[in-house]
Amino acid sequence: MASGVPGTVDGMVSKHPKNGVLPFRDVIQPAIDLARNGFPVTEGQAADLNANREIFISRNRSLPAFVRDIPWKEGDTLRQADLARTLERIRDHGRDGFYSGTTARLIVSEMQRGNGIVTSRDLAEYSAMFRDAVSDFYRGYKIISASPPSGGGIVLLQILGMIEPYDLKNSGFHTCQSVHLIAEAERRAFADRSQFLGDPGFTGISVDELLRDEYLSERMRSFSRDSATSSLMINAGSPVAVMSEETTHYSVVDCMGNAVAATTTLNGTFGSSIVVDSAGFLMNNQMDDFSIKPGVPNMYGLVGGEANSIQPGKRMLSSMTPVIVEKDGRLFMVAGSPGGSTIPTSVLQVIINVIDYGMNIRQAVDTGRFHHQWLPDYISYEKHSLDSVTLMDLQRMGHGLRERSTIGRVNSIMILPDGRKAGGADRRGINSACGY
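All of the points below concern the structure found in this document. (Residues numbered from 1 in each chain as written. Predicted model: local features only at pLDDT ≥ 70, side-chain atom pairs only at ≥ 80, totals over all residues. Heavy atoms only, no water.)

### Focus on a nonpolar patch on the surface
Here comes step 1: Taken together, the side chains of M12, Y250, V252 and V260 make up a nonpolar region of the molecular surface, amounting to roughly 340 Å² of accessible area.
Here comes step 2: Within the secondary structure layout, M12 lies in helix α1 (residues 8-19). (Patch = residues over 30% accessible without salt bridge, like charges linked within 9 Å, V, L, I, M, F, W, Y side chains within 5 Å. Areas by Shrake-Rupley, 256 points an atom, 1.4 Å probe, with all protein chains shown as cover. Salt bridge = Lys/Arg side-chain N within 4 Å of Asp/Glu carboxyl O. Helix = DSSP H or I, 4+ residues; strand = E, 2+ residues; numbered from the N terminus.)

Next up, the structure:
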């Protein structure tokens, strides 16, 4: 019951004829080879597989490739023969290789075994939606991101719009003044997210109104430079026209200047930890991204409302925030991150680290982060990201504080003035930057 209808395959297969250059068979073959021949797991991957071992055993009829008799260790090879066969069916039959035929029967069989409700009709009728991106300007840079039901783009643009009238550079990096300002803007953007954002086919929201300068200025009228605003006192705004953790991100720029910011997710680290028997892939637990009922938080602590309630045929609200940044009409940066509710604030900080604080992309990605999401009402921060004086000053202003290990894992590319590309692969995760 935790799984929504898988959409990635239809999205990829539908997108390739529009923009792909290589034959689809050539594009998917490396993934098939990797699944069949295997790859050496990293230390972190081995630890994750070992930690989830008992859950894999308890939730699956037959042991998936992720389970073995002895603990995983760094350098061990993970081979996924069932997954390779599923990918071959997609290679040979396109969309029908997943949403009908053998793979579809395996999905439905897995659903029936676990008392799920996804049927062969649900799979056959699924269709990826292509939507216009959302965009706005921040200090002369054009920020382009995904539109609802990806909620992160709106949250990011709202926060940028609320902080733009203030001089972040003169306020200083990670000072009490700058952290307070950003956290207060984040608080208000996430309050709006809870009320207004969801599948635009069901909510009737007006993105333009949520990003209008006058509206964002009104949202900050209650902001005080000297004290924190209690989230109990912050509700969603009133835009005029509105009537009603494990994610992967990759950033790519090619030799022709084309850019891709792509975020994809199962939601939890291993989704539902259920592997479709004989098909080799994990089922998502993406239904948690719906609001089960107004005011009840999901696994990331996000509170939602009626706009993101569960309905047939509806797409759940995510926090994905893939971003392309332009300067004077030219590509400047590509970025995105995993991290659930922390995705938009992680991307936000990389952007302002570059634009406001003049960091190079590596510094912008690796430096410490903080996060506020309205509810629960506190600033979470990475260890050593804020000094003791700043933390004490924030507490005096009324902010709750909570330390956490990491926030986000941003992978970004920045175009240098001479046209060279600089990659920022986040030190927090198993990430890399490379050129071909």
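### With respect to the packing of helix α9 (residues 152-163) against helix α15 (residues 343-355)
Here comes step 1: With their axes 9 Å apart at the nearest point, α9 and α15 run at an angle of 45° to one another. As the angle between them shows, α9 and α15 are arranged oblique. Both α9 and α15 take part in a crossing whose hand is right-handed. Note on element contacts: α15 touches α9 through P344, T345, V347, L348, I351 and I352, opposite G152, V155, L156, I159, L160 and I163.
Here comes step 2: Residue composition of the contact of α9 with α15, by class: ten nonpolar, two polar and no charged. (Axes fitted to C-alpha atoms, helices over the stretch in contact; angles between N-to-C directions. Parallel < 35°, antiparallel > 145°, perpendicular 65-115°, else oblique. Left-handed = near helix turned anticlockwise from the far one by under 90°. Contact = heavy atoms within 4.5 Å. Nonpolar A, V, L, I, M, F, W, Y, C, P; charged D, E, K, R; others polar.)

### Side note on the packing of aromatic side chains
Here comes step 1: All told, the structure shown has nine aromatic pairs when counted by the stated rule.
Here comes step 2: Centroid distance Y99 to Y126: 6.1 Å. Interplanar angle 5°. Geometry classified as stacked. Taken together, the residues Y99 in helix α6 (residues 96-99) and Y126 in the loop between α8 (120-125) and β3 (134-138) connect sequence positions 27 residues apart. Side by side, Y99 and Y126 carry an identical accessibility label, which is buried.
Here comes step 3: Aromatic ring contacts, followed pair by pair, group F98, Y99, Y126 and F281 into a single cluster.
Here comes step 4: Across the ring face of W72, the terminal group of R68 is positioned such that the distance to the ring centre comes to 4.6 Å. (Phe/Tyr/Trp six-rings, centres within 6.5 Å; stacked < 30°, edge-to-face > 60°. Buried < 20%, exposed > 50% of the residue type's maximum accessible area, 1.4 Å probe, protein only. Lys NZ or Arg CZ within 6 Å of the ring centre and 35° of its normal.)

### Section: the environment of N37
Here comes step 1: With respect to the helices, strands and loops of the structure, N37 is situated in helix α2 (residues 24-37).
Here comes step 2: With 109 residues separating them along the chain, N37 and A146 place their C-alpha atoms 35 Å apart.
Here comes step 3: Ignoring any residue separated from it by four or fewer positions in sequence, one finds N37 in contact with T77 and R79.

### Comments concerning the packing of α9 against helix α11 (residues 176-196)
Here comes step 1: Remark: α9 packs on α11, axes separated minimally by 9 Å, with the N-to-C direction vectors making an angle of 140°. Taken together, the axis directions place α9 and α11 in an arrangement best described as oblique. The handedness of the crossing between α9 and α11 is right-handed. Residues V155, Q158, I159, M162 and I163 of α9 lie in contact with α11, whose contacting residues are L181, I182, A185, E186, R188, A189, F190, D192 and R193.
Here comes step 2: When grouped by side-chain class, the residues that make up the contact of α9 with α11 number nine nonpolar, one polar and four charged.

### Brief notes about the layout of surface pockets
Here comes step 1: Each pocket or cavity is described by its volume, and for the second largest pocket that value is around 350 Å³.
Here comes step 2: What lines the second largest pocket is a set of 15 residues, and nearest its centre among them are R330, L331, F332, I415 and L416.
Here comes step 3: Of all elements in the fold, only β8 (330-335) and β12 (411-415) reach the threshold of two or more residues within the lining of the second largest pocket.
Here comes step 4: Looking at the lining of the second largest pocket, the element that brings in the most residues is β8, giving three residues. (1 Å grid on protein atoms, 1.4 Å probe; cavity = no way out; pocket = protein on both sides within 12 Å on 5 of 7 lines; lining within 4 Å. Points joined across faces, edges and corners; volume = space filled by probe spheres on them.)

### Considering the sheet that holds strand β13 (residues 421-425)
Here comes step 1: A sheet is described by the order of its strands in space; here six strands give the open sequence β3-β4-β7-β8-β12-β13, paired in antiparallel fashion. Single-partner strands in this sheet number two, and they are β3 and β13. If you compare each strand with its neighbour and ignore which way they point, the axes differ by 20° on average.
Here comes step 2: Relative to strand β4 (residues 141-145), β3 runs antiparallel, the two sharing five bridges. Considered in β4, the bridge of Y138 is made with Y141.
Here comes step 3: Lying over the sheet, α9 contacts β3, β4 and β7 (323-327), oriented at roughly 20° with respect to β3. (Pairing = 2+ DSSP bridges.)

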